Amino acid sequence: MENVKWLLLRLKAYWLLVLLSLVGSVLEAGGTAGVSLVVKSLVDRVFFLKEGEELVFTILKLMAFVLVAQLGSFTVSFFSNLYTEREMQRLREEAFIRLLRVDYSVFLRVPPGEFLSKMLSDMNLYRNLIGSYSIKIIREPFSVLFLVGVLLYRDWLLTLLMLFLLPVLTLAVRYFGGKRGKHVRRSQEGYADISDKVFSSFGGFESIRSLGAERRFQGIFSELNRRLFYSSFKSELYFAINSVFNYTFGYSAVAMVILYGGYRVVEGALTAGDFISYITALVFLQRPLVETQKGIMELRASLPVLERIRELLSLPEEKEGRLELGGPIKDIKASGLVVRVNGQELIRDVSIEISRGEKVGIMGETGSGKSSFLKVLAGLLPYEGSLRINGVELKDINRTCLRSRVQYLSQEPFVYPGTVRENLLISRSNATDEELWEALRLACCDFVKDLEQWVSHRTLSGGERQRLALARVFLRDADLLLLDEVTSALDAKKEEEVLENLLSFFRGSTVILVAHRFSNIRRCDRVFVFGEGTPVFEGKPKEAIDFFLQRP
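Residues numbered from 1 in each chain as written. Predicted model: local features only at pLDDT ≥ 70, side-chain atom pairs only at ≥ 80, totals over all residues. Heavy atoms only, no water.

Enquirer: Which parts of the structure should I look at to understand the overall build of the protein chain?
Expert: Counting secondary structure elements, the protein chain contains 19 helices and 12 strands. Burial analysis of the protein chain (552 residues in total) assigns 51% to the buried set. Within the protein chain, contacts between residues separated by at least 24 positions form 81% of all contacts whose residues are at least 6 apart in sequence. Of the accessible surface of the protein chain, which amounts to about 26000 Å², a share of 57% is contributed by carbon and sulfur atoms. (Helix = DSSP H or I, 4+ residues; strand = E, 2+ residues; numbered from the N terminus. Buried < 20%, exposed > 50% of the residue type's maximum accessible area, 1.4 Å probe, protein only. Contact = heavy atoms within 4.5 Å. Areas by Shrake-Rupley, 256 points an atom, 1.4 Å probe, with all protein chains shown as cover.)

Here you go:
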């Protein structure tokens, strides 16, 4: 019941569109019932009583009811598809914004690929729920009600054989099918584009968060979402127009048959019994009865998806601190730092002090807690114990303030499917072309020939992805620079050049560098060796390397 209430509250935002859909349902039902009434009148007054002067007037009434019914059908299709697409546009955007703002620990509990797959699947089911099953329940009962009223009023119902002119319908199918097919393809491309961007955003979640680029990604997604809305809506619009054409043409064909057959009956060429073969209202009643039953069944079967959609929209957001740093980062002090994720202890009893301007290296075996420590400093992972920056507990610091002073580059280089310019502007949206080219030079991105060059995770090598990600770093000042294996895919020559540029560019900043390569470690002032989630050695680079090599 709570899920149904939630759905009704969401659809309340489109109450006018829903009301217009209901009006269309009444028009469609009334028009359909009117057709059966006119047919009865046609048989009684024209076929049996031979009132030829009534024939044209009856045919006009018939066409009027047909037009009313098709106007109602179009109204239902138009407004129901409009509120469905509006709701899907709104829901996709709300879900994406929620994912951009969700607490990072959520992604450690649920694999992003599985999480996204479930999200997209549920979105599709939700669309069917509000755009197909619910519409059946809105539309068909009115037809049932009106046609049952005719049955009660007349006692018996008439049906007509309708003749369709197949060649004309074939041309209509080709025309409307081609138009709709074009927009269906655009919709599919839109879904694929959004899926690609969302998957890529998950891959670069840490970079997006640490760069404070959520708003920029929200803008990109909103534009893609808007295009998808228009292509999807136009596809459904052509479907509705085609449906109206088919029904109107079909009833026109029936009208012509009645007009021709009616004159034959008046002239005595045919008998009424030869002309009437089925009971109209009973045939009309069959489809809405079946569709109503199917709609209720499908609606009930799909209700569980609402719970999953609600869970998605209620994922916990990142906790926001309220305190400001009040100046450049001068010192970092960790005391008894512990990090637990899914019951596993990643960091334990870490106590470290780092002063402004220090170049600190962290090395250790895989899984020793090096990367987790950087993620804590970047404000991504929750922690126990104390971690203070300028004497302020990190969890209490405003995240916007923190990320304006801290740059974090993860060991998974993030490349967004788009141009080089778009990838660099993630870091600083107002950067000039000269600044972009300078950043590319400092990061040794010699593979970039044009800022409009298209790049993606698939088109670049591991080293090229790392260098493009590093170029973003040169576009922003930072008091604290956190680097996690950022040159692991570079050759020795490129690595030497990039490290030189980094340390020169950020000479006055604090740099904490996680690396396995000794060439990186030797450039540091001080080095910590991590083991089993805690520092086991602190000293000069040569001493730390010797200690690491001698460990069992």
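On we go from here.
Enquirer: Is there a simple way to explain unusual backbone geometry in this structure?
Expert: Comment: phi is negative for the bulk of residues other than glycine, and the bulk of peptide bonds are trans. Phi is positive for Asp-349, close to 50 degrees, though the residue is something other than glycine. Considering the arrangement of structural elements, one finds Asp-349 in strand β2 (residues 344-355). The class of Asp-349 is exposed, set by a relative accessible area of 52%. One non-glycine residue with positive phi stands out, namely Glu-485, at about 50 degrees. Summarising the element assignment, Glu-485 is placed in the loop between β9 (480-484) and α17 (492-505). Residue Glu-485 is classed as buried on the basis of its relative accessible area, which comes to 9%.

Enquirer: Looking at this structure, I do not really get the pattern of salt bridges. What am I missing?
Expert: Enumeration according to the criterion identifies 25 salt bridges in this entry. With a closest N to O distance of 2.2 Å, Glu-85 and Arg-127 form a salt bridge. In this pair, Glu-85 is assigned in helix α3 (residues 53-101) and Arg-127 in helix α5 (residues 112-154), connecting sequence segments 42 residues apart. Like Arg-127, Glu-85 is buried. Across the pair Arg-526 and Glu-358 runs a salt bridge, and its minimum N-O distance is 2.8 Å. Of this pair, Arg-526 sits in strand β11 (residues 526-531) while Glu-358 sits in the loop between β2 and β3 (359-364), placing them 168 residues apart in sequence. With a relative accessible area of 16%, Glu-358 lands in the buried category. The structure contains a network of salt bridges with shared partners spanning Arg-10, Glu-87, Arg-90 and Glu-94. (Salt bridge = Lys/Arg side-chain N within 4 Å of Asp/Glu carboxyl O.)

Enquirer: Explain helix α12 (residues 370-377) to me, please; I cannot follow it from the model alone.
Expert: It helps to recall that an α-helix has 3.6 residues per turn; residues three or four apart then point in one direction. Taken across its 8 residues, α12 has 8 buried, putting it largely inside the fold. Within the sequence span of α12, burial applies to Lys-370, Ser-371, Ser-372, Phe-373, Leu-374, Lys-375, Val-376 and Leu-377. Following α12 by one or two positions, Gly-379 adopts a phi angle in the positive range, close to 80 degrees.

Enquirer: Teacher, can you tell me more about the sheet that holds strand β1 (residues 331-341) here?
Expert: Each strand in a sheet pairs with another by means of backbone hydrogen bonds, the pair being arranged parallel or else antiparallel. Taken in spatial order, the 4 strands line up as β2-β1-β4-β5 in an open sheet, and their pairing is antiparallel. Each edge of the open sheet is held by one strand with a lone partner, namely β2 and β5 (392-393). With 2 bridges joining them, strand β4 (residues 384-389) and β5 adopt antiparallel strand pairing. Paired with Ile-389 across the two strands is Val-392, which belongs to β5. Each of β1, β2 and β4 is contacted by α12, which is oriented at about 65 degrees to β2, the strand it contacts most. (Pairing = 2+ DSSP bridges. Axes fitted to C-alpha atoms, helices over the stretch in contact; angles between N-to-C directions.)

Enquirer: Would you take a moment to explain the sheet that holds β11 for this structure?
Expert: Reading across the sheet, the 6 strands line up as β6-β9-β10-β3-β11-β12 and stay open at both edges, with mixed pairing between neighbours. Every interior strand has two partners, whereas the edge strands, β6 (406-409) and β12 (534-539), have only one. Ignoring strand direction, the axes of neighbouring strands in this sheet form an average angle of 15 degrees. Note: β9 against strand β10 (residues 510-514), 5 bridges, orientation parallel. From the neighbouring strand, Leu-483 faces β10, where its bridge partner is Leu-513. In this fold helix α19 (residues 541-550) packs onto β3, β11 and β12, with an angle of close to 135 degrees to the strand it touches most, β12.

Enquirer: So what exactly am I meant to see when it comes to a nonpolar patch on the surface here?
Expert: Taken together, Trp-15, Leu-16, Leu-19 and Val-23 make up a surface patch of nonpolar side chains, about 400 Å² in accessible area. Turning to its location among the elements, Leu-19 is positioned in helix α2 (residues 15-48). (Patch = residues over 30% accessible without salt bridge, like charges linked within 9 Å, V, L, I, M, F, W, Y side chains within 5 Å.)

Enquirer: Any chance you could explain α19 here in plain terms?
Expert: For α19, the full list of buried residues reads Pro-541, Ala-544 and Ile-545. All buried residues of α19 fall inside an arc of 100 degrees around its axis, so they share one side. For α19, the exposed residues set more than 90 degrees away from the buried face come down to Lys-542 and Gln-550. Buried residues belonging to α19 abut β3, α18 (518-521), β11 and β12. (Arc of directions from axis to C-beta.)

Enquirer: Mind showing me how you'd approach the pairing of β10 here?
Expert: Looking along a regular strand, one sees the side chains alternate between the two faces of the sheet. The buried fraction of β10 is high, at 5 of 5 residues. Here β10 shows two buried faces, one formed by Thr-510, Ile-512 and Val-514 and the other by Val-511 and Leu-513. Two elements, β3 and β10, share 4 bridges in a ladder whose sense is parallel. The partner of Ile-362 across the bridge, within β10, is Val-514.

Enquirer: How should I be thinking about the packing of aromatic side chains in this particular structure?
Expert: Within a pair of aromatic rings, the relevant descriptors are the distance that separates the centres and the angle that separates the planes. Scanning the entire structure with this criterion turns up 10 aromatic pairs. Measuring from ring centre to ring centre gives 5.3 Å for Phe-474 and Phe-505, while their planes differ by 85 degrees; the resulting arrangement is edge-to-face. Of the two residues, Phe-474 sits in the loop between α16 (462-473) and β9 while Phe-505 sits in helix α17, which places them 31 residues apart along the sequence. Of the residues examined, Phe-505 reaches a relative accessible area of 35% and is grouped as partly exposed. Aromatic pair Phe-505 and Phe-506: ring centres 4.9 Å apart, planes at 65 degrees, arrangement edge-to-face. Taken together through their ring pairs, the aromatic side chains of Phe-74, Phe-78 and Phe-79 make up a single cluster. (Phe/Tyr/Trp six-rings, centres within 6.5 Å; stacked < 30°, edge-to-face > 60°.)

Enquirer: Mind showing me how you'd approach the nonpolar core here?
Expert: Grouped together as the largest cluster of nonpolar side chains are 44 residues, with contacts concentrated most on Val-420, Leu-424, Leu-440, Leu-468, Leu-483 and Leu-502. Elements with a contribution of two residues or more to this core: α14 (420-425), α15 (433-442), α16, β9, α17, β10, β11 and α19. A total of 5 residues in this core trace back to one element, the largest contributor, which is α16. If we ignore the near neighbours within four places in the chain, the residues touching Leu-440 are Val-420, Leu-424, Cys-445, Val-448, Leu-451, Leu-468 and Ala-471. Within the second largest apolar cluster, 37 residues are counted, among which are Leu-381, Tyr-383, Ile-512 and Phe-528. (Core = buried A, V, L, I, M, F, W, Y, C linked by side-chain atoms within 4.5 Å.)

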